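# Examination of the molecular architecture
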Amino acid sequence: SAVISQKPSRDICQRGTSLTIQCQVDSQVTMMFWYRQQPGQSLTLIATANQGSEATYESGFVIDKFPISRPNLTFSTLTVSNMSPEDSSIYLCSVSNDRDEQYFGPGTRLTVT
Amino acid sequence: KNQVEQSPQSLIILEGKNCTLQCNYTVSPFSNLRWYKQDTGRGPVSLTIMTFSENTKSNGRYTATLDADTKQSSLHITASQLSDSASYICVVSANAGKSTFGDGTTLTVKP
């Protein structure tokens, strides 16, 4: 299994500002993903973080709002830009291996005021 | 369209009792089905993962079943504990594709 850590674990931010969330994995993984989970709802895939190239975004998510970096096989960042209260969610980093086993980080709870 | 439906949406049981959660899916072609436990405010934690050829898998007091013909899965929790209170999410993956998430079943175990 993969051990995933995220920073920060939670934050309260003012609208209009940006927050960068870090995801660190204890082993090299091919696939890394970023999810959003709004209160009371299931997980929604934001994008797939590709190592060395631009992330692949899902419908409804754009790079200007959620820029993603993945400089190597163990680390990725997600930035939530120009935040509004609607961005208040838990943001989760996830990885999967070649056996399609998927693991999740502990999440970052973001509150935008 | 790939879909995963879970039932019931929520469930309340007394400590020590058993319960069964259901998951129906239409994901194709099927790769694997996973059950996760998610405590409030935390990330999902994997309980079981089953491929097409597996029809049951246990993890302690959790037992998952899979019927690939009817595209149904269940998660049975035995002798429930207060710490079992959480959301249980069924996730189905297509071959080399993305995962489809169910909306989860919220389980509350009361003393």
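Here, every reference points to the structure presented above.
Structural notes, computed from the coordinates. Everything quoted here is computed from the prediction, not taken from an experiment.

All names here are of chain B. Bridging between strand E6 (residues 56-59) and strand E7 (residues 62-67) involves 4 bridges; their strand directions are antiparallel. Directly across from Thr 56, in E7, lies its bridge partner Thr 65. Hairpin connection from E6 to E7: 2 residues lie between these consecutive antiparallel strands, with Gly 60 at a positive phi of about 65°.

This brings us to the sheet that holds strand E1 (residues 4-7) of chain A. All names here are of chain A. Pairing is antiparallel in the open sheet, where 4 strands are placed in the order E1-E3-E8-E7. Edge positions in the sheet fall to E1 and strand E7 (68-72), since each has one partner strand and no second. Each strand of the sheet is rotated relative to its neighbour by a mean of 15°, with strand direction disregarded.

What follows is about the pattern of salt bridges. Residue and element names in this part refer to chain A. With the rule as written, the count across this model stands at 3 salt bridges over all chains. With its nearest N and O atoms 2.7 Å apart, the salt bridge here joins Asp 87 to Lys 65. One end of the pair, Asp 87, is in the loop between strand E8 (75-80) and strand E9 (89-96); the other, Lys 65, is in the loop between strand E6 (56-57) and E7, and 22 residues separate them in sequence.

Disulfide: a covalent bond formed between the sulfur atoms of two cysteine residues. Evaluated as defined, the whole model comprises 2 disulfides over all chains. Disulfide pairing places Cys 23 of chain A opposite Cys 93 of chain A at an S-S distance of 1.9 Å. Since a negative S-S torsion denotes a left-handed disulfide, the Cys 23 of chain A-Cys 93 of chain A link at about -65° is left-handed. Taken as a pair, Cys 23 of chain A in strand E3 (residues 19-25) and Cys 93 of chain A in strand E9 lie far apart in primary sequence, 70 residues in all. Across the pair, exposure class does not vary: Cys 23 of chain A and Cys 93 of chain A are buried alike. A sulfur-sulfur separation of 2.0 Å characterises the disulfide bridge that pairs Cys 23 of chain B with Cys 90 of chain B. Judged by the sign of its S-S torsion, about -65°, the cystine formed by Cys 23 of chain B and Cys 90 of chain B is left-handed. Residue Cys 23 of chain B is found in strand E3 (residues 19-25), and its partner Cys 90 of chain B is found in strand E9 (residues 86-94); the two are separated by 67 residues along the sequence. Owing to a relative accessible area of 0%, Cys 23 of chain B belongs among the buried residues under this scheme. A relative accessible area of 0% means that Cys 90 of chain B is categorised as buried. Cys 13 of chain A takes part in no disulfide bond, and the closest cysteine sulfur, belonging to Cys 23 of chain A, lies 18 Å away.

With that out of the way, let us pick up the packing of aromatic side chains. Aromatic ring pairs are reported here in terms of the distance separating the ring centres and the angle at which the planes meet. What the rule picks out here adds up to 9 aromatic pairs over all chains. Between the aromatic rings of Phe 66 of chain A and Tyr 91 of chain A, the centroid separation amounts to 6.5 Å while the plane-to-plane angle is 45°, which identifies the pairing as tilted. In this pair, Phe 66 of chain A is assigned in the loop between E6 and E7 and Tyr 91 of chain A in strand E9, connecting sequence segments 25 residues apart. A relative accessible area of 0% means that Tyr 91 of chain A is categorised as buried. An aromatic cluster of three or more residues is present, and its members are Phe 33, Tyr 35 and Phe 104 of chain A together with Tyr 36 and Phe 101 of chain B.

Analysis parameters
- Residues numbered from 1 in each chain as written.
- Chains lettered and ligands numbered in written order.
- Predicted model: local features only at pLDDT ≥ 70, side-chain atom pairs only at ≥ 80, totals over all residues.
- Heavy atoms only, no water.
- Pairing = 2+ DSSP bridges.
- Helix = DSSP H or I, 4+ residues; strand = E, 2+ residues; numbered from the N terminus.
- Axes fitted to C-alpha atoms, helices over the stretch in contact; angles between N-to-C directions.
- Salt bridge = Lys/Arg side-chain N within 4 Å of Asp/Glu carboxyl O.
- Disulfide = S-S within 2.5 Å.
- Buried < 20%, exposed > 50% of the residue type's maximum accessible area, 1.4 Å probe, protein only.
- Phe/Tyr/Trp six-rings, centres within 6.5 Å; stacked < 30°, edge-to-face > 60°.

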